[in-house]
Structure formats: structure tokens, C-alpha cells
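Notes for the structure review
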Amino acid sequence: YRWWLRGKPGTLVAGAEPVKPVQLATDALNALSKDYSGDARLFYFQLDMILRRYIGQTFDFNSLEMTSEQFLRQVKQLDLAVDSRSKITGFQETCDPIKYAGRTPDKDRPDADLSLVRELIVSIEQQLAPAENSEDETAVGMQDKRGGQ
């Protein structure tokens, strides 16, 4: 079994520290901003996936397997500022018609939405930082706070 795992990409290596969701999201956003080909539908599928993956990994739920409606219901339950939750909802409402109905966004909209997703991730990290740095919270308490359960 070990020989089989050894050569597989994405397998854990002893001593290697896992990459944080914020770093994965930042790297993916940087790559997306460099590789934008003008295909708005593909761009929004990727941008939405980056945000969903970040939120799902950060708050420990399978966001990529959810419909937009299910995802937004879960987001409403998270311990986030109302402003962040409403921006996520607004982004989904903008994103879905482009992804699924082929609506063409305004010329500057993709750049604005890329910036919005970056700002959301930074904002969420800032909201979580005080909780993560608190010395009196236990690991169980953190899971409850992040998972909203």
C-alpha cells in the first residue's frame, strides 16, 4: 500500500505542513487573473469554484457538491459578518446566470468580481483571526465556530 501512495500526487508526506485554504485560494486567483482568455462562462465557473472551495475548506463542509441554493443556505449559518454573507449571496446571483444561462457580463465585471472574491477571502480571514488567536478556545470550540453547527 505504501509503494502505491508514494508516487501519487497530493499524498501527504511525513513532516509536510498542509497548505492552508487561504493560500490555495490566493494561488488559484493569481493563476486565474493571469490566464483569463475572455471566456466569461469558464472564468465564472473557475472563480465560483475558488470561492466555494475556500469557504468549504475553511468551514469544513463539502461546498463543491452543493447547488447554489444549498451553498447559500449553508453560508447563512456560518459565523460571518452580515456584510460578507450578503456579498457572497450577491456574487452567486451575478455568477449563476453567466455560468448557466450564458449571460454576457459587462466588460469590467470579471475584474470587479475577481477583486470582490479576493476581498471576501481577506475579510473572512480577518474575521477568523481573533478566534484563532484566542488562547481560551479549544479545538472543539473552533470547529463549532467555523462549522456553524
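Everything numeric here is computed off the predicted structure, so don't read it as measured data.

1. A few points about unusual backbone geometry
For aspartate 60, which is not a glycine, the phi torsion comes out positive at approximately 60°. Mapped onto the elements, aspartate 60 comes out in the loop between helix H3 (40-59) and helix H4 (68-77).

2. Some points on the packing of H4 against helix H5 (residues 82-101)
As a packed pair, H4 and H5 sit with axes 10 Å apart at the nearest point and diverge in direction by 170°. Here H4 is positioned roughly antiparallel relative to H5, judged by the angle of their axes. Where H4 approaches H5, its residues Ser68, Phe71, Leu72, Val75 and Lys76 are matched on the opposing element by Arg85, Ile88, Thr89, Gln92 and Asp96. Considered class by class, the residues forming the contact of H4 with H5 number four nonpolar, three polar and three charged.

3. Quick look at the nonpolar core
Counting residues in hydrophobic clusters, the biggest one holds 29 residues, and the most contacted among them are Leu47, Ile55, Phe59, Ile88, Phe91 and Ile124. At the level of elements, helix H2 (21-34), H3, H4, H5 and helix H6 (109-133) are the ones that each hand at least two residues to this core. Ranked by residues supplied to this core, first place goes to H3 with nine residues. Discounting residues that sit within four places of it in the chain, leucine 47 has contacts with Leu29, Leu32, Phe91, Asp113, Leu114 and Val117.

4. Structural notes on the pattern of salt bridges
If you walk through the whole model with that rule in mind, you get six salt bridges. Among the salt bridges present, the one from arginine 73 reaches glutamate 69, with a minimum N-O distance of 3.1 Å. Residue arginine 73 and its partner glutamate 69 are both found in helix H4; the two are separated by four residues, about one turn of the helix. You can call arginine 73 partly exposed: its relative accessible area is 46%. What you see here is one network of salt bridges that share partners, running through Asp48, Arg52, Asp96 and Lys99.

5. Brief notes about the packing of aromatic side chains
One pass over the full model with this rule turns up four aromatic pairs. Residues tyrosine 36 and phenylalanine 43 carry aromatic rings whose centres are separated by 4.8 Å and whose planes lie at 70° to one another, so their mutual orientation is edge-to-face. The class of phenylalanine 43 is buried, set by a relative accessible area of 3%. Ring centres of phenylalanine 43 and tyrosine 44 lie 5.3 Å apart, and the angle between their planes is 80°; this geometry places the pair in the edge-to-face category. Residue class for tyrosine 44 comes out buried when judged on its relative accessible area of 0%.

About the thresholds
Residues numbered from 1 in each chain as written. Predicted model: local features only at pLDDT ≥ 70, side-chain atom pairs only at ≥ 80, totals over all residues. Heavy atoms only, no water. Helix = DSSP H or I, 4+ residues; strand = E, 2+ residues; numbered from the N terminus. Axes fitted to C-alpha atoms, helices over the stretch in contact; angles between N-to-C directions. Parallel < 35°, antiparallel > 145°, perpendicular 65-115°, else oblique. Contact = heavy atoms within 4.5 Å. Nonpolar A, V, L, I, M, F, W, Y, C, P; charged D, E, K, R; others polar. Core = buried A, V, L, I, M, F, W, Y, C linked by side-chain atoms within 4.5 Å. Buried < 20%, exposed > 50% of the residue type's maximum accessible area, 1.4 Å probe, protein only. Salt bridge = Lys/Arg side-chain N within 4 Å of Asp/Glu carboxyl O. Phe/Tyr/Trp six-rings, centres within 6.5 Å; stacked < 30°, edge-to-face > 60°.

Any functional reading would require information that these geometric values do not contain.
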